[in-house]
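# A look at the structure
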Protein chains: 4
Amino acid sequence: MRFSEPNAESLAKLAEVVFLALPHGVAAEYAVPLLQLGCRVIDLSADFRLKSAAVYKEFYAHDHPAPDLLKKSVYGLPEVYRAQIQNASLVASPGCYPTSILVPTIPLLRDGLIKPSAIIADSLSGLSGAGRKLEPEYLFVDCNESVRPYGIPKHRHLSEIEQELSLSAKAPVAIQFTPHLVPVNRGILTTLYLAPAPHFEGRAGLPPAHSGETGTTLEALNEKIAACYQAAYGNEPFVRLLDPDKSALPDTKNVVGTNVIEIAWRLDPRTGRLIVMSAVDNLIKGASGQALQCFNILCGFPETTGLI
Amino acid sequence: MRFSEPNAESLAKLAEVVFLALPHGVAAEYAVPLLQLGCRVIDLSADFRLKSAAVYKEFYAHDHPAPDLLKKSVYGLPEVYRAQIQNASLVASPGCYPTSILVPTIPLLRDGLIKPSAIIADSLSGLSGAGRKLEPEYLFVDCNESVRPYGIPKHRHLSEIEQELSLSAKAPVAIQFTPHLVPVNRGILTTLYLAPAPHFEGRAGLPPAHSGETGTTLEALNEKIAACYQAAYGNEPFVRLLDPDKSALPDTKNVVGTNVIEIAWRLDPRTGRLIVMSAVDNLIKGASGQALQCFNILCGFPETTGLI
Amino acid sequence: MRFSEPNAESLAKLAEVVFLALPHGVAAEYAVPLLQLGCRVIDLSADFRLKSAAVYKEFYAHDHPAPDLLKKSVYGLPEVYRAQIQNASLVASPGCYPTSILVPTIPLLRDGLIKPSAIIADSLSGLSGAGRKLEPEYLFVDCNESVRPYGIPKHRHLSEIEQELSLSAKAPVAIQFTPHLVPVNRGILTTLYLAPAPHFEGRAGLPPAHSGETGTTLEALNEKIAACYQAAYGNEPFVRLLDPDKSALPDTKNVVGTNVIEIAWRLDPRTGRLIVMSAVDNLIKGASGQALQCFNILCGFPETTGLI
Amino acid sequence: MRFSEPNAESLAKLAEVVFLALPHGVAAEYAVPLLQLGCRVIDLSADFRLKSAAVYKEFYAHDHPAPDLLKKSVYGLPEVYRAQIQNASLVASPGCYPTSILVPTIPLLRDGLIKPSAIIADSLSGLSGAGRKLEPEYLFVDCNESVRPYGIPKHRHLSEIEQELSLSAKAPVAIQFTPHLVPVNRGILTTLYLAPAPHFEGRAGLPPAHSGETGTTLEALNEKIAACYQAAYGNEPFVRLLDPDKSALPDTKNVVGTNVIEIAWRLDPRTGRLIVMSAVDNLIKGASGQALQCFNILCGFPETTGLI
C-alpha cells in the first residue's frame, strides 16, 4: 500500500490511534479510558514497558496505576516485536538508552553467541535526554565543556533493559549500565563490552597465547556474529550495520535527525572480548520516530512513512 | 624549602633539566646527547615509557632509537614512582589516557582487591588530545555535535598501561581500552569496570541472591577500597578522592585547568562489579602539569610549585 | 498542481535542469556547454551572481570565464526575482550572508524607508559556512569556545550584496559588513543597523529630546515598516516575520534545518535607529534549499515541494 | 614593592578592604555600614557605577538605597581612573559589556577622533554572562547551537556606558548597543562601528570617489588612531593592542582565563568607517580580575599581583 492520498480508510485508522506523551504515572491514567473507548494507544512513557508491577514500583517509586494492562502491552521495538505490534491495542515505546542497548544485544543473546551474565553497557547521552528540567546541572555553563557520569549504578532504564534481555536469553540477566552526559544536544553512543559464549572462549578468547587455533576460531566467531546480525537486521529499514572489514564506527552525528540505529562490532584478539557500539538519536529512534514506526506497523502503513 | 626568591642553587638546578616535547622517535635522538652532557631529561613523548624495545616497535612501528636508555628511564607518575623520580636522570612523562587509568587502578591491584584479568577502561577525551592534526575528522563541524569511538581495539597507549598494571599486579595484565572523542576542548573522563578479587566474589558479588551475607561483605569491601585509596592518595596534593557516601562523581569541568585527578567509585550490589571513575585535564595532569610535578620532585622543590 | 506521482511531463522537466555545486571559475566552465545543450542551470557558486565582469575580477581575483552569460543570469532570490526565475535559463543562487542581509533590507530600500548610505550588517556564522577547508583555524579546538571577527573589512560577498542593494535603492550603495565566526555548526544571525530615511529623521529620530512629536512619528514609522514587510513577505512561504509587539527575536536554532528566514525589527526611540535582525540556515535558505526553491519555480512545481 | 612575603603592613591593608559580590540593591545596604566602619569597599554590583540616582532608578527599577554615596564612588576602570582608585574608599567595578566597550572607545572620544553621536556597539557574550539563572532560555539545549540577540534595544548596561562616554566626550552621548548570546562559556567579543570626526570625513571618508586625497588622509587618520591607542595603553599591563599591519583580530579564546583586553581596529576605505573590535573574559577583566586590579591599586601592591 502506498500512502499518498488520504482516503476514508486511512483516515479512520489515524483516528483510532492515540499517542501519549505524558509523565509516567499520568500516562496510565489516560490510557485506561482510551482503551475502554476502543482506541489503540502508543505510549511514550515508562508506564507499560514492564511486565511486572513490582519491578515498576521498585524503579519508579510508586504503585502502578493500572497493573492489569501490563500483560496486554507490547514493547514497541519493531525489530523484535513487529508481529505483536501489528495487532496490539497498547504499545509501550522503549526508552532511548534501552533502544541503543537492546537492538545490538538481543540477536547475540538469542543466538547464544554471548554470555548473558557479563554484559556491560557504557552510554553517552546528549542533553535533550534529560528533558527540559529546570535544574542547575542542566544549565549551559554546567554542561558545556563537561563530561560526566551520573545515576551510577542504578538507572531506571535498567528495569526494561534487563526484562527484555532476560526474555531473549531465556534466563535472568543483570547488566552493568553506566550513563554519561556529554555536551551535545542529541544522540546516544553506547559501547557494549560482551564476552563470547563459553564454547568460543579459550579459543577466540583470553589469553590468546593459550590457544593454538585462536586465529581461525576468532574468524569463525566473527563470521557467526556477522551472520547473526545479517539475519536479524539485513532487511531492517532503520538498522545500519557497519561493515567490520571497513574502519567505520558509529557516530551520533551520522544518525541525529534520523530514525536509524548504527551498529558496529570488533572482536579483540588480545582479550577475547566482543565490543559492540551503537548510535541513535534519542529523540527519534529513541523516542518519537520509533513510536511512529510502531504506528505505521499498527495501521498497516509502509513502515518508513514519514520517517525517510 | 620555600621557592620564592631565585638563588644560585635553585637556578643551577633549573639549568640542568631539559624538557623534551617532541614526536616519538625524535625525542630519543635529542635525549641521548643531552644525557651525555650531564643534563637530566623529562621527556613528554612515548619514547622512554616502555621497558621493552620490542613492545615499542609493536606499538610505534619503528625500531627504538636508543634501547639502552629504556632501563634507565623512570615512568613519571609521581603518585607511584616519587622516590625513583627524585634521583632519575631520565623521566618519561606518562600519556594522558594512561594517567587517567593507572592512578585509580594501581592501588587496587597492589592491594589485591581486584582481578587483574578483568579490567575494562572506557575513556572519553576532548579534542586537544588529538593534537593539532590537520585532518578532516578534527574539523569543528566534524567534531561538534558528534560522539564517537575510535582506535578500537588497539590504541598505542595500551602498551604503557599494561606494562604498569602488570608491574603492580606482579603478573601479565591485558586490559580492554576503548577511547572515544567528545566535543570538548580538554579533559578525559575514564570509567573503569573492575571485578573484585575472587575472595570477595560470590559474597559482594554476582548474583546477590546467592549470598546471604552480601550486605555485610559488600560493606567490608567498600571499606577496604576506601582504606586502600586513603593510604595511597590521602596525602597526595593532586589526587581528589570523592567521598562515596556523597553523590559527587568526577566531571572534567572540575579538573580542567588544574593538575588534579578526581576519583570516585561505586560498588554495584546488583552485579558485584566495582565502577571507578576518574577525570583529568589531558593537557595538565595528563601532560605538562605532571611533567612539571616531576621536575619539582627532581629538583627538590615543593611539589606543587607553579601548579596551584 | 500537486507533485505526488511522477509522470512523463514532470520527469522531463527534472531532466532539463542541472544544479552546479562547483568552485567559482569552474562552475562557469560547466555552465557554458550545458546551456548550449539547452539545459537550464542553477548554479550555487558565485560565478553568475554579479552583473559586472570587472567587479567579479575585483572580488574573485581572476577574469570571468564567461562574461557574456552575466546578463542572462537571474539572481536566485525568490522573494525578489520570482517572475524572472520562472523563465530563466541560468539562475545564480545567492550566497548565505547575502541572503540574510538582502531579504530584510530590500523592501525597506524599495519603499524609501531607510537611508541607502548608512547600512551596517553585522553577521555571525556557524562553521559550516567555511566549507571543509583543512586549515588550522577551522579545527575543533581553534573554533570551540572562540568568538571572532574575520575578513574585515572587505568580504567577497560584499560584491553581490551591494549590487542588489543598489538595484533596490536605484543608487549606488556601499555597506559595512563584518562577518564573525561563532561555534555552531549551522546558522547565520545578522544584525542590521539602519537609519530611517531623512523625512523620518529628527522626528522618530535622534536626539529624541529635540522633537516634541517623537512618540507619534515613531509609531507611524513603525507602522510603515510593518506594512512594508507585510506587503513584501506576508504571503511568502519561507519568510517568518516576528511580531514586534511580542518579545520574540530571531534565533538560529529556530531556522536550522529549514528553508525559513526569520526577521524581527526594533525602532530604538533613544537613538532613532532601526535595528533589523535575521536568522537563516546557511546550508538551506542560504544555499541548497533556496536553490531547490528556485528549481520548483523554474519547473512550475509548488514552491515548497521537498522543503517543508 | 614586591609582594612576596606577608608582613604586618600588607596584612593590615588586606584587612581593611572588602569585596562585595551581591545583587544590586543589596550591595548598597552592606556598603553603608562597612564604609562607616572605615573599610574600603570594592563593589561588583551595579549599585555605585552611576552618578545619578535618577538614571539608576530608570534602569534598575527601584530607588537607590544610598544615593549620597554615588558621588564618593570611583568607577573602577584602572586604565581610565587609576589615580582616583588609589585613594578611593568606594570602587564600583564596571560591568562586563561596559568594559569591552569603554576601554576601546574612551581614548578615541577624548582625542576627538570619532563622532560621539554615531557609536554602535555590537556585543557577543558567552553564557556565564547571564549568571546561573534557572530559566529555560539558559538550559544547555536552548543555548547550544543557538545564536541570538536579546534585550534589544535597552540593556541596563547602557546607563553606565553612556555615562562614561559622555564624561569622555564632554557631551551627552547615546549609543546603540545590541547584546547577543553565543554558545561559549566565557568571553565577550564587541564590534564597534564608529564614524571618524567631521574634520576627517569626506577625506578618509565616504564616498572615497569624492576625495582625491583619500589615500593619504586615511593613512594620516590611521596613524592618529595608532598614536592615540599607544599613548593611552602602550604601558597598560592588561591591554593588548593588535598591530593593524598584521592580520590578527581579537578572539575570545585568546583572553579567556586572563585579565587582558584585546583591541584591534580597521579603517574601511570603502565606507570611511572605523571598525574597532575588542575581546575580554567577562568573568575576569569584565568582573573579578578587574576588581582585583583595583584592589592592587588601592593597596599600593604591584598592579598585576595575582593576575599574571
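See the structure above.
For the structure given in this document, a descriptive report is provided here. Quantities reported herein were computed from a predicted structural model and do not represent experimental measurements.

## What about the overall build of chain A?
Along its length, chain A carries 9 helices and 11 strands. By the compact-globule yardstick of 19 Å for 308 residues, chain A fits well, its C-alpha radius of gyration being 20 Å. Over its C-alpha atoms, taken along the principal directions, chain A stretches across nearly 65 × 50 × 35 Å. When the 308 residues of chain A are sorted by exposure, 59% land in the buried category. In chain A, the share of contacts with a sequence separation of at least 24, taken over all contacts with a separation of at least 6, comes to 66%. Here chain A holds 27 positive side-chain charges and 31 negative ones, and the gap between their average locations is 2 Å.

## Topic: the side chain of E160 of chain B
Among the structural elements, E160 of chain B can be located in helix α7 (residues 158-169). With near-sequence residues (within four places) excluded, E160 of chain B lies in contact with R49, L50, Y75, P94, G95 and P98 of chain B.

## A closer look at the relation of the copies chain B and chain A
Each of the two chain copies goes to the other by way of a rotation about an axis and a shift along it. Once chain B is rotated about the relating axis by 180° and shifted along it by 0.0 Å, it coincides with chain A to within an RMSD of 0.0 Å. Taken together, the turn and the small shift mark the pair as related by a two-fold rotation axis. Both copies contact each other with a shared surface, as 100% of the interface residues of chain B are interface residues in chain A too.

## So, the sheet that holds strand β11 (residues 274-280) of chain C
All names here are of chain C. Pairing is mixed in the open sheet, where 7 strands are placed in the order β6-β7-β5-β8-β11-β10-β9. The two strands at the open ends of the sheet, each matched to only one other strand, are β6 (148-149) and β9 (239-241). In the packing of helix α5 (residues 96-110) onto the sheet, contacts are made with β5 (120-125), β7 (176-181), β8 (188-194), β9, β10 (261-267) and β11, and the angle to β8 comes to roughly 35°.

## Remarks on the state of the cysteines
Residue and element names in this part refer to chain D. Considering all chains together, one arrives at 0 disulfides over all chains under this definition. As a non-bridged cysteine, C96 has C294 as the owner of its nearest cysteine sulfur, 15 Å distant. You can call C96 buried: its relative accessible area is 13%. Judged by its relative accessible area of 0%, C294 is buried.

## Some words on the interface of chain B and chain A
At the interface, 46 residues of chain B touch 46 residues of chain A. Both faces combined, the contact of chain B with chain A buries some 3800 Å², and carbon together with sulfur accounts for 58% of it. Ranking the residues of chain B by area buried against chain A places E145, V147 and R270 of chain B at the top, with a combined share of 18%. For the pair chain B and chain A, the interface holds 4 salt bridges. Where R270 of chain B meets E162 of chain A, a salt bridge forms, and the shortest distance between an N and an O atom there is 2.2 Å. Inspection of the region where chain B meets chain A yields 22 residue pairs in polar contact (both at pLDDT 80 or more). Residue assignment for the side of chain B that touches chain A shows that the elements contributing at least two residues are β5 (120-125), α6 (140-143), β6 (148-149), α7, β7 (176-181), β8 (188-194) and β11 (274-280) of chain B. Among the elements that take part in the side of chain B that touches chain A, β5 of chain B stands out by supplying 4 residues, more than any other.

## A look at helix α9 (residues 288-299) of chain A
Residues and elements named next belong to chain A. Spanning 12 residues, α9 covers 16 Å between terminal C-alpha atoms, matching the ideal 16 Å at 1.5 Å per step. With 10 of 12 residues buried, α9 lies mostly within the body of the structure. Within the span of α9, buried status applies to G289, Q290, A291, Q293, C294, F295, N296, I297, L298 and C299. After α9 finishes, the residue G300 shows a positive phi value of roughly 75°.

## Quick look at the environment of Q290 of chain B
All names here are of chain B. Along the polypeptide, Q290 turns up in helix α9 (residues 284-299). Sequence separation between Q290 and T99 is 191 residues; the distance between their C-alpha atoms is 9.3 Å. If we skip the residues at most four places from it in the chain, Q290 touches G76, L77, P78, E79, S93, P94, T99, N259, I284 and K285.

## Some thoughts on the sheet that holds strand β1 (residues 17-20) of chain D
All names here are of chain D. Read from one edge to the other, the open sheet built from 4 strands follows the order β1-β2-β4-β3, with strand pairing classed as parallel. Since the sheet does not close on itself, it has two edges, and those belong to β1 and β3 (74-75), each with one partner. Pairing analysis gives 2 bridges linking β3 to strand β4 (residues 90-92), with the strands arranged parallel. When the sheet's bridge partners are listed, V74 is paired in β4 with V91.

## Looking at the pairing of strand β1 (residues 17-20) of chain A
Residue and element names in this part refer to chain A. Note: β1 against strand β2 (residues 40-43), 4 bridges, orientation parallel. When the sheet's bridge partners are listed, F19 is paired in β2 with I42. Running through helix α2 (residues 26-36), the crossover from β1 to the neighbouring parallel element β2 is right-handed.

## Some words on a negative patch on the surface
Judged by side-chain charge, E219, E223, D243 and D245 of chain A come together as a negatively charged surface patch. Mapped onto the elements, E223 of chain A comes out in helix α8 (residues 214-233).

## Observations concerning unusual backbone geometry
One can expect most non-glycine residues to show negative phi and most peptide bonds to be in trans. Along the chain, I152 of chain B connects to P153 of chain B via a cis peptide bond; the corresponding omega equals 0°. Relative to the elements of secondary structure, P153 of chain B occurs in the loop between β6 and α7. Notably, A61 of chain A is not glycine yet its phi reads approximately 65°, a positive angle. Inspection of the secondary structure assignment puts A61 of chain A in the loop between α3 (53-60) and β3 (74-75). Assessed through its relative accessible area of 66%, A61 of chain A is described here as exposed. A positive phi is found at E145 of chain A, a non-glycine position, where the angle reads about 55°. With respect to the helices and strands, the residue E145 of chain A is situated in the loop between α6 (140-143) and β6 (148-149).

## Overview of the pattern of salt bridges
Residue and element names in this part refer to chain A. Counting across every chain of the model gives 48 salt bridges over all chains. Between K154 and E58 there is a salt bridge whose closest N-O contact spans 2.7 Å. Of this pair, K154 sits in the loop between β6 and α7 (158-169) while E58 is found in helix α3, placing the two residues 96 residues apart along the sequence. According to the relative accessible area criterion, E58 is partly exposed, its value standing at 48%.

Reading guide: rules and limits
Residues numbered from 1 in each chain as written. Chains lettered and ligands numbered in written order. Predicted model: local features only at pLDDT ≥ 70, side-chain atom pairs only at ≥ 80, totals over all residues. Heavy atoms only, no water. Helix = DSSP H or I, 4+ residues; strand = E, 2+ residues; numbered from the N terminus. Rg over C-alpha atoms; globule rule 2.2 N^0.38 Å. Buried < 20%, exposed > 50% of the residue type's maximum accessible area, 1.4 Å probe, protein only. Contact = heavy atoms within 4.5 Å. Lys, Arg positive; Asp, Glu negative; His and termini not counted. Charge placed at Lys NZ, Arg CZ, Asp CG, Glu CD. Least-squares fit on C-alpha atoms with pLDDT ≥ 70 in both. Pairing = 2+ DSSP bridges. Axes fitted to C-alpha atoms, helices over the stretch in contact; angles between N-to-C directions. Disulfide = S-S within 2.5 Å. Buried area = accessible area lost by both parts, 1.4 Å probe. Salt bridge = Lys/Arg side-chain N within 4 Å of Asp/Glu carboxyl O. Polar contact = N/O pair within 3.5 Å; in protein donor to acceptor, adjacent residues only side chain to side chain. Expected span 1.5 Å × (residues − 1). Right-handed = clockwise from strand over helix to strand, strands pointing away. Patch = residues over 30% accessible without salt bridge, like charges linked within 9 Å, V, L, I, M, F, W, Y side chains within 5 Å. Areas by Shrake-Rupley, 256 points an atom, 1.4 Å probe, with all protein chains shown as cover.

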